[in-house]
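If you want the building blocks of each chain, they are given just below.
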Amino acid sequence: MHTVIGLEVHAQLNTHTKLFCGCSADHFQKPPNSQTCPVCLGMPGALPVLNRQAVEYTLRVGLALHCTLPPRSKFDRKNYFYPDLPKGYQISQFDEPLCLGGYLDFELDGQAQCVRVQRVHLEEDAGKLIHAPNGTSQVDLNRTGVPLIEIVTEADLTSPEQASAFMRSLRQLLRYLKVCDGDMEKGSLRCDANLSVSPDLQRWGTKTEVKNMNSFRAVEEALKFEQKRHVALLQAGQAVVQQTLGWDGDKGVAVPQRSKEASDDYRYFPEPDLVPVRVDQAWRDAVAAAMPETPAQCRKRFAERYKLPSYDVGVLTEERELADYFEATIEHFNEPKLVSNWVMGEILRLLKVHGQLKVAPKDLADVLQALAQGKIHRKACKEAIEAAFETGKTPLAIVEERGLDQLSDAGELEHLADALLSANVDQVERYRSGKVGLIGWFVGQVMAQTGGKADPKAVKAVLEQKLSNWLSNV
Ligand SMILES: [Zn+2]
């Protein structure tokens, strides 16, 4: 059985204002209907004015996805009736989208994948219905008119795992481009999927559409559910019915919603209140020049500039913020592999616990430098960083406060070594007769006496010197 999956991804653009009016586009958890005006409420006679930033963000995504940006693009009315759509139509793009024909490269289990993108178009979001427990529904139009891009893939995906990996990679790209926060739970990034299964590679099976997948896990689970359902129907000799289903993550099932409209049911026609958008070479060049680094560019740069293993590069560049944090630390202390180890280990662990990076790059650089110079040892460094996350003090201040610096006073170490050797002449003799492995035992004794504060390397050096002098003195 062959599975074919295509995705329609909606991403909310994080512009300041809505797509066609001056209302704030930051609608999350605002009092209902507090961010509306005659334009986004669909009052008769109100006219839309296109948000230039939203167009530029869409072009930015198109460029990053290797799309063609046609010189002319236009908006169309998509007509349907729903209480959260006050105008009775949505302004979208039908046959002349801003971006056409691109692709996204990503990885799944270390294997390179490429999925073609059919189009990226710009449209306005609808409002929200709030269903009260008493059975009534209320309408909140704060989200109405917030800019959305729709990214439509070709039906190139062949497994639920691949679809989920595509979504992760697309989310990372949108976040790097700074056009969308990528928060699936908040609904800033949404995904609908078409799936069909066929025993015959040459012919596609009947497709169904799955909606309401609000996490990467949901995408994978919902598609696995549908894939299994299709296979079971086909194996039982039954037909798959073309329909739209909503994913219920709690129950782990996809529930039929409504029969699918064909595009002629929407009676698309050109939006008479907006002129076509012309994207000339100069504008395209300006958008390209202002383009932030993509994840792929960032990975390449990290590998070349810092000579880090690909595993490190992958972890450090997963989120733009972490990549920036790493680089800011490197500016103060240029030891990429050492910094990488600590950022991937201790810093990421504490970030998960505290939810934010509480040690400034300069302060991390300082404490790692102290470590590299042998002023503190690993355990103390770890303790200092952990306490810095908890207290807001710098790691070096913690070192000072708790006396975590190493015992590096050479005189003190020599004194301890002399005392140890004198008290253990038998062991010294055994060492002298060739049991050089005993050095570990001697080091352990001195370390114990210093409460673990000495640098084991320094202790070993002092002991070895003492033992060799002892031997030559005999
Ligand atoms: Zn408005």
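Computed from a prediction, not measured in an experiment: that's the story for all the values here.

1. Some thoughts on the pattern of salt bridges
Side chains carrying opposite charge are able to pair once their charged atoms draw close together.
Argument step 1. Under the defined criterion, the tally for this structure stands at 38 salt bridges.
Argument step 2. Between Glu401 and Lys393 there is a salt bridge, and its shortest N-O distance comes to 2.9 Å.
Argument step 3. A residue is classified by how much of its surface remains accessible, and Lys393, at 37% relative accessible area, is partly exposed.
Argument step 4. Three or more residues joined by partner-sharing salt bridges are found here, namely Glu293, Arg301, Arg305, Arg320, Asp324 and Glu327.

2. Topic: the packing of helix H13 (residues 425–432) against helix H14 (residues 439–449)
Argument step 1. At a minimum axis separation of 10 Å, H13 and H14 run at an interaxial angle of 145°. Residues Gln427, Val428 and Tyr431 of H13 pack against Ile439, Trp441 and Phe442 of H14.
Argument step 2. Of the residues assigned to the contact of H13 with H14, the class counts are five nonpolar, one polar and no charged.

3. Topic: the sheet that holds strand E3 (residues 76–79)
Pairing between the strands of a sheet is mediated by backbone hydrogen bonds and can be parallel or antiparallel.
Argument step 1. Taken in spatial order, the three strands line up as E4-E3-E14 in an open sheet, and their pairing is antiparallel. Edge positions in the open sheet fall to strand E4 (89–92) and strand E14 (269–270), since each of these has one partner strand only.
Argument step 2. Here four bridges tie E3 to E4, and the two strands are oriented antiparallel to one another. What sits directly across from Arg77, in E4, is Ile91.

4. Some remarks on unusual backbone geometry
Argument step 1. Its identity is not glycine, yet Asn33 carries a phi of approximately 60°, on the positive side.
Argument step 2. For Asn33, the location among the structural elements is in the loop between strand E1 (2–12) and helix H1 (52–64).
Argument step 3. Under the relative-accessibility criterion, Asn33 is labelled partly exposed at 34%.
Argument step 4. Positioned with a positive phi, Asp109 is a non-glycine residue whose angle comes to about 50°.
Argument step 5. With respect to the secondary-structure elements, Asp109 resides in the loop between strand E5 (99–108) and strand E6 (111–124).
Argument step 6. Residue classification places Asp109 among the exposed positions, given a relative accessible area of 73%.

5. Some words on the coordination of the zinc ion
Argument step 1. Cys21 (SG), Cys23 (SG), Cys37 (SG) and Cys40 (SG) make up the full set of protein donors to the zinc ion, lying at 2.3 to 2.4 Å.
Argument step 2. Linear spacing of the donor residues for the zinc ion on their chain is C-x1-C-x13-C-x2-C. Of the two residues, Cys21 sits in the loop between E1 and H1 while Cys40 sits in the loop between E1 and H1, which places them 19 residues apart along the sequence.

6. Focus: the packing of helix H2 (residues 160–176) against helix H3 (residues 216–235)
Argument step 1. Viewed as axis vectors pointing N to C, H2 and H3 meet at an angle of 155°, and their least axial separation amounts to 8 Å. By the angle between their axes, H2 is roughly antiparallel relative to H3. Viewed along their axes, H2 and H3 form a crossing whose handedness is right-handed. Packed against H2, whose contacting residues are Pro160, Glu161, Ala163, Ser164, Met167, Arg168 and Arg171, the element H3 presents Phe216, Val219, Glu220, Leu223, Lys224 and Gln227 at the interface.

7. Some points on the nonpolar core
Argument step 1. Ranked by size, the top nonpolar core spans 68 residues in total, and within it Leu7 and Leu65 carry the most contacts.
Argument step 2. Per-element tally for this core: the top contributor is H2, with seven residues.
Argument step 3. Leave out the neighbours within four places in its chain, and Leu65 touches Gly102, Tyr103, Leu104, Val117, Val120, Ile151, Leu170 and Leu173.
Argument step 4. Judged by nonpolar contacts, the second largest core, of 39 residues, contains Val315, Trp342, Ala387 and Ile398.

8. Describing H3
Argument step 1. Under the 1.5 Å per step criterion, the end-to-end length of H3 is 29 Å for 20 residues, consistent within 8% with the ideal 28 Å.
Argument step 2. Taken from the residues just after H3, Gly237 is the one with a positive phi, measuring 75°.

9. Observations concerning the packing of aromatic side chains
Argument step 1. Overall, the coordinates contain 11 aromatic pairs when judged by the stated rule.
Argument step 2. Plain terms: the ring middles of Tyr431 and Phe442 are 6.3 Å apart, the flat faces sit at 80° to each other, and that makes the pair edge-to-face. Of this pair, Tyr431 sits in helix H13 while Phe442 is found in helix H14, placing the two residues 11 residues apart along the sequence.
Argument step 3. On the basis of relative accessibility, which here comes to 12%, the residue Tyr431 falls in the buried class.
Argument step 4. Between Trp441 and Phe442, the ring centres sit 5.3 Å apart and the planes meet at 70°, which makes this aromatic pair edge-to-face.

10. Focus: the pairing of strand E9 (residues 147–153)
Where a strand is regular, its side chains alternate between the two sheet faces.
Argument step 1. For E9, the tally of buried residues reaches seven of seven residues, placing the bulk of the element in the interior.
Argument step 2. Residues of E9 alternate between two faces, with Pro147, Ile149, Ile151 and Thr153 on one and Leu148, Glu150 and Val152 on the opposite face, all of them buried.
Argument step 3. Two strands pair when backbone bridges link them, and E1 and E9 are joined in this way by five bridges, in the antiparallel orientation. Each residue of the ladder has a partner; that of Val9, found in E9, is Ile151.
Argument step 4. The pairing of E6 with E9 spans seven bridges and is antiparallel.

Conventions used here
- Residues numbered from 1 in each chain as written.
- Predicted model: local features only at pLDDT ≥ 70, side-chain atom pairs only at ≥ 80, totals over all residues.
- Heavy atoms only, no water.
- Salt bridge = Lys/Arg side-chain N within 4 Å of Asp/Glu carboxyl O.
- Buried < 20%, exposed > 50% of the residue type's maximum accessible area, 1.4 Å probe, protein only.
- Axes fitted to C-alpha atoms, helices over the stretch in contact; angles between N-to-C directions.
- Helix = DSSP H or I, 4+ residues; strand = E, 2+ residues; numbered from the N terminus.
- Contact = heavy atoms within 4.5 Å.
- Nonpolar A, V, L, I, M, F, W, Y, C, P; charged D, E, K, R; others polar.
- Pairing = 2+ DSSP bridges.
- Donors = N, O, S within 2.8 Å, 3.2 Å for Na, K, Ca; no water.
- Parallel < 35°, antiparallel > 145°, perpendicular 65-115°, else oblique.
- Left-handed = near helix turned anticlockwise from the far one by under 90°.
- Core = buried A, V, L, I, M, F, W, Y, C linked by side-chain atoms within 4.5 Å.
- Expected span 1.5 Å × (residues − 1).
- Phe/Tyr/Trp six-rings, centres within 6.5 Å; stacked < 30°, edge-to-face > 60°.

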